Amino acid sequence: DYEGVDDRAFLGPAAAEEVHAKLAKVAGVQIPAWRSVLKSVQVGEDHRRIAEILRVGHLANCTITEAGDQIELATTIIDPEKEAVLWSGRQTYASADLVYALSEISRGIADALSVRMTADESDRLARAPTNNPEAYEHYLRARQAQGSSHWYIPNLMYALEIGEDEYELAMNHYRAAVELDPAFAEAWAGMATATRGYGSNAKGEDKFGAALKSYGEQAYEYAERALAHDPCNAEALLLHHALFLNFTPEA
């Protein structure tokens, strides 16, 4: 949930997806797919029903309140069966520190659930994808514009339906992000997913059309840029593997 100025309301769903993506990297956290989470909340605020749909034992909710250059994050973990609050936390940060705040929320949720993490998992959970707050905001705006999850599934190659306007808006934000921070692996990976999704649904093109090939090659190059900065980026790895045989740019 987001409480603040209207033109920054994107922070609510963007922050939720970021925390989900971070927790999905922890083996001890069994978390449903992001698309399933989005669909489940359409049933309303019936915690027990949402938990049944997702087949989970706990639900986490966070409210971001932004005023001036400060943000307050209030996080709650709920036992939906008992309608009981198991843990809650409230922290205040500078708005520019949102990237670190979301890492802290993710760690707080994992700790509250008594999840044991390896040193590598703990490090990746705490690691900021970029140290540039402006680049991070562009990245979050791009994610919301493209309407996709962090996890690209090769077997659902054509699942992301993204129109021309959404694609251009997302890519403009992604380009701004990597211009501000060329080593921003998550932004490069997002560019790859958006480009592949848009190319797969290009109007007037058959499965092996010129547009599909062109966008596939671009997506492959973006995935390679992501992996050059983070060889363990799951989104880029999955996309890179799926595109390798068909869309490796010609020498």
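In this report, the structure presented in the accompanying data block is examined. Residue numbers restart at each chain and count upward from 1, following the sequence in its written direction. Since the coordinates come from a predicted model, pLDDT governs what is reported: local features require at least 70, and pairs of side-chain atoms require 80 or more to be given and counted, while whole-chain, interface and lining totals use all residues. Here the side-chain values reflect all heavy atoms present in the structure, with hydrogen atoms and water set aside.

Regarding the overall build of the chain
Let me state the cut-off plainly: A run of H or I in DSSP becomes a helix once it reaches four residues, and a run of E becomes a strand once it reaches two; helices and strands are each numbered from the N terminus. Contact criterion: two residues are considered in contact whenever any of their non-hydrogen atoms come within 4.5 Å of each other. Working definition of accessibility: Shrake-Rupley area with a 1.4 Å probe, residue cover restricted to the visible protein chains.
Broken down by element type, the chain carries 10 helices and four strands. Scanning the chain from its N terminus toward the C terminus, one meets helices and strands in the order β-α-α-α-β-β-β-α-α-α-α-α-α-α. Put simply, 62% of the contacts in the chain that link residues at least 6 apart link residues at least 24 apart. Accessible area for the chain stands at about 13200 Å²; split by element, carbon and sulfur atoms hold 50% of it.

With respect to unusual backbone geometry
This is how the line gets drawn: Burial here depends on accessible area, computed with a 1.4 Å probe over protein chains only, as a share of the maximum for the residue type. Under 20% is buried, over 50% is exposed, and the range in between is partly exposed.
Phi angles above zero are rare outside glycine, and Arg55 is one such case at about 60°. Take Arg55: it is sitting in the loop between α3 (47–54) and β2 (59–67). By relative accessible area, Arg55 is classed as exposed at 79%. In this structure, Glu83 is a non-glycine residue whose phi angle is positive, near 50°. By secondary structure assignment, the location of Glu83 is in the loop between β3 (70–79) and β4 (84–94). Accessibility expressed as a relative area gives 46% for Glu83, which makes it partly exposed.

Considerations on the packing of helix α6 (residues 133–146) against helix α8 (residues 185–200)
Selection rule: Angular values range over 0 to 180 degrees, each being the angle between N-to-C directions of two axes fitted as lines to C-alpha atoms, with helices fitted over their stretch in contact. Just so you know how the angles are binned, under 35 degrees is roughly parallel, over 145 roughly antiparallel, 65 to 115 roughly perpendicular, and the rest oblique. For a crossing to be left-handed, the near helix must be turned anticlockwise from the far one by less than a right angle; the clockwise case is right-handed.
Remark: α6 packs on α8, axes separated minimally by 10 Å, with the N-to-C direction vectors making an angle of 20°. Classified by the angle their axes make, α6 and α8 are roughly parallel. Seen along the crossing, α6 lies across α8 with a hand that is left-handed. Across the interface between the two elements, Tyr139, Arg143 and Gln146 from α6 touch Glu186, Ala187, Gly190, Thr193 and Ala194 from α8.

Here we look at the packing of helix α1 (residues 11–23) against helix α4 (residues 98–112)
The condition that has to hold: Here the term charged refers only to Asp, Glu, Lys and Arg, the term nonpolar to Ala, Val, Leu, Ile, Met, Phe, Trp, Tyr, Cys and Pro, and the term polar to all other amino acids, Gly among them.
For the pair α1 and α4, interaxial distance at closest approach is 9 Å and the crossing angle is 50°. If you check the angle between α1 and α4, you find them oblique. In terms of crossing hand, the pair formed by α1 and α4 is right-handed. In contact with Leu11, Ala15, Glu18, Val19, Lys22 and Leu23 of α1, α4 contributes Leu98, Leu102, Ser103, Ile105, Ser106, Ile109 and Ala110. Each residue belonging to the contact of α1 with α4 can be placed in one class, and the counts come to nine nonpolar, two polar and two charged.

What to know about α4
Rules: Take the number of residues in a helix, subtract one, and multiply by 1.5 Å to get its expected span.
Over its 15 residues, α4 runs 21 Å from end to end, which matches the ideal 21 Å to within 8%, given 1.5 Å per residue. Taken together, the buried positions of α4 are occupied by Leu98, Val99, Ala101, Leu102, Ser103, Ile105, Ser106, Gly108, Ile109 and Ala110. Check the buried side of α4 and you find it contacts α1, β2, β3, β4, α5 (119–126) and α6. Ser114, located one to two residues past α4, shows a positive phi value of around 55°.

Some remarks on the sheet that holds β3
So the rule is basically this: By definition, two strands form a pair when at least two bridges between them are found by DSSP.
Pairing is mixed in the open sheet, where four strands are placed in the order β1-β2-β3-β4. In this open sheet, the two strands that pair with only one neighbour each are β1 (2–3) and β4. Summarising the sheet, β3 and β4 pair through 10 bridges and their orientation is antiparallel. From the neighbouring strand, Ile71 faces β4, where its bridge partner is Tyr93.

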